[in-house]
Amino acid sequence: MKRFGIIGFGRFGQLAARHLRDHFDVVVCDAHDPVEDAGRIGVRTGSLAEIAGCDTVMLAVPVQALEQMLAEIAPHVRPGALVVDVASVKMLPARWMAEALPESVDIVATHPLFGPQSARRGLEGQPLVICPVRGEAHHRVAEFGRTLGLKVSITTPEEHDREMAYVQALTHLIGRTLVNIRIPDEELKTDSYQHLLELCALIGDDSEELFFAIQNLNPFAQEITQQFIGQANGLLDRSLKAGNRSAPARN
Ligand SMILES: O=C(O)C(=O)C[C@]1(C(=O)O)C=C[C@@H](O)C=C1
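Described below are features of the structure shown in this document. (Residues numbered from 1 in each chain as written. Predicted model: local features only at pLDDT ≥ 70, side-chain atom pairs only at ≥ 80, totals over all residues. Heavy atoms only, no water.)

Comments concerning the overall build of the chain
Looking only at helices and strands, one finds ten helices and eight strands in the chain. Dimensions along the principal axes, computed over C-alpha positions, put the chain at roughly 85 × 35 × 30 Å. Each of the 251 residues in the chain was classed as buried or not, and the buried ones make up 43%. Across the chain, contacts joining residues at least 24 apart in sequence account for 64% of those joining residues at least 6 apart. Surface summary for the chain: the accessible area is close to 13,800 Å², and the carbon and sulfur share equals 53%. (Helix = DSSP H or I, 4+ residues; strand = E, 2+ residues; numbered from the N terminus. Buried < 20%, exposed > 50% of the residue type's maximum accessible area, 1.4 Å probe, protein only. Contact = heavy atoms within 4.5 Å. Areas by Shrake-Rupley, 256 points an atom, 1.4 Å probe, with all protein chains shown as cover.)

With respect to the nonpolar core
In this structure, Ile-6, Leu-20, Val-26, Val-43 and Met-58 are the most contacted members of the largest nonpolar core, which totals 31 residues. Elements with a minimum of two residues in this core: β1 (3-7), α1 (11-20), β2 (25-29), α2 (35-41), β5 (82-85), β7 (127-134) and α6 (137-147). Per-element accounting of this core gives the leading share, five residues, to α1. Sequence-distant contacts of Val-43, defined by excluding residues within four places in its chain, comprise Phe-9, Ala-17, Arg-21, Val-26, Val-28 and Ala-38. Core analysis: the next-biggest nonpolar cluster, separate from the first, contains 30 residues, Ile-7, Cys-29, Leu-66 and Met-69 among them. (Core = buried A, V, L, I, M, F, W, Y, C linked by side-chain atoms within 4.5 Å.)

Quick look at the site of the ligand
Around the ligand, the structure places 15 residues, and the nearest of them are Ser-88, His-111, Ser-118, His-172 and Asp-206. Contact distances for the ligand include 2.5 Å between an oxygen atom and a side-chain N or O atom of Ser-118. Starting from 380 Å² of accessible surface for the ligand in isolation, the protein chains cover 88%. Because more than half of its atoms lie within 2 Å of the grid, the ligand is assigned to the largest pocket. Listed by contribution, the elements that provide at least two residues to the shell around the ligand are β6 (106-112) and α7 (157-181). Residue composition of the shell around the ligand, grouped by class: six nonpolar, seven polar and two charged. There are two domains that each give the shell around the ligand at least three residues, and those are domain 1 (3-155) and domain 2 (160-240). (Near = heavy atom within 4 Å. Polar contact = N/O pair within 3.5 Å; in protein donor to acceptor, adjacent residues only side chain to side chain. 1 Å grid on protein atoms, 1.4 Å probe; cavity = no way out; pocket = protein on both sides within 12 Å on 5 of 7 lines; lining within 4 Å. Sits in = over half its atoms within 2 Å of the grid points. Nonpolar A, V, L, I, M, F, W, Y, C, P; charged D, E, K, R; others polar. Domains from an automatic or database assignment.)

Concerning the sheet that holds β6
Taking strand neighbours across the sheet as the criterion, the eight strands line up as β3-β2-β1-β4-β5-β6-β7-β8 in an open arrangement whose pairing is mixed. On the outer flanks of this sheet lie β3 (44-45) and β8 (151-154), each paired with one strand and no other. As judged from the four bridges shared by β5 and β6, these two strands associate in the parallel manner. Each bridged residue has a counterpart across the sheet, and for Val-83 the counterpart in β6 is Ile-107. Relative to the sheet, α1 contacts β1, β2, β4 (56-59) and β6, its axis offset from that of β1 by approximately 165°. (Pairing = 2+ DSSP bridges. Axes fitted to C-alpha atoms, helices over the stretch in contact; angles between N-to-C directions.)

Things to note about the packing of helix α4 (residues 66-73) against helix α5 (residues 91-100)
Look at α4 against α5: their axes get within 10 Å of each other, and the N-to-C directions meet at 20°. Between α4 and α5, the crossing angle belongs to the class labelled roughly parallel. Remark: the crossing between α4 and α5 carries right-handed chirality. Contacts between α4 and α5 pair Leu-66, Glu-67 and Leu-70 from the former with Pro-93, Trp-96, Met-97 and Ala-100 from the latter. By residue class, the composition of the contact of α4 with α5 is six nonpolar, no polar and one charged. (Parallel < 35°, antiparallel > 145°, perpendicular 65-115°, else oblique. Left-handed = near helix turned anticlockwise from the far one by under 90°.)

Comments concerning the layout of surface pockets
In this structure, the largest pocket occupies an estimated 1,100 Å³ of space. What lines the largest pocket is a set of 43 residues, among which Arg-11, Phe-12, Ser-88, Asp-206 and Leu-210 lie closest to the centre. Those elements giving two or more residues to the lining of the largest pocket turn out to be α1, β6, α7, α8 (191-203) and α9 (208-216). A per-element tally of the lining of the largest pocket places α7 first, with four residues. By residue class, the composition of the lining of the largest pocket is 26 nonpolar, 13 polar and four charged. Counting only domains with at least three residues in the lining of the largest pocket, you end up with domain 1 (3-155) and domain 2 (160-240). (Points joined across faces, edges and corners; volume = space filled by probe spheres on them.)

Section: α4
Of the positions making up α4, those classed as buried are Leu-66, Met-69, Leu-70 and Ile-73. Projected down its long axis, α4 carries its buried residues within an arc of 105°, all on one side. For α4, the exposed residues lying more than 90 degrees away from the buried face are Gln-68 and Ala-71. Lining the buried residues of α4 we find β1, α3 (48-52), β4, β5 and α5. (Arc of directions from axis to C-beta.)

Some remarks on the pairing of β6
Of all seven residues making up β6, six are buried, and the element is well covered by its neighbours. Once you follow β5 into α5 and on to β6, the crossover reads as right-handed. Here β6 runs beside β7; their pairing, made up of six bridges, is antiparallel. Considered in β7, the bridge of His-111 is made with Val-129. (Right-handed = clockwise from strand over helix to strand, strands pointing away.)

Next comes the structure, spelled out in structure tokens:
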């Protein structure tokens, strides 16, 4: 069985291990001792050097830690190995991997557009974005993704980040704001309010670190989120003015 190393055993690393353990000999490591979680999921733990030497290496650390992690594993990655990342932004990780890893290593940047919440009932139909970076292994990754039931799309890191500025930066800004306000589940509610509650449930457990990565490390995010805030303020201003105009005359 081929060895599949997962570096970073947080929310996504654990989800990936659950779905990969039947297909590979999965070995994991994390900055926090992963022994208990690994035992529960049924995979082995190993040293960073051992995992970096696997046939396939998945980088599932926070994006903010990725560049440093690549510097640490680069000397241990074997020629012919495949390295994939699963970060929520793609331009920076694709560049960092191409710069840090030896030419003999295949590189595929991926973004599974799901997490433990959205995939709680399984992987069937969940979207997987694949950005080929070096070598031909992306064909293999796409094929394997399809066998897991994933809906695979192949694109460039730049196109991915452009689309994710709306799909994630905007969505997580709205969702996290609502989570922080703690909007209540009311007895009387509309379908649209129910959608907002579902958004809170979907992203409520995501870390602030993920939020910062989605906002700050996607070069297209700021323009879209500023546009949203500008529109929201503009709408409120106009509504206040319109409200004053239509108020009944005093006498
Ligand atoms: O399902 C979840 O737990 C998620 O939060 C998944 C989610 C998202 O919905 O934006 C979060 C981060 C990943 O980049 C992709 C998907």
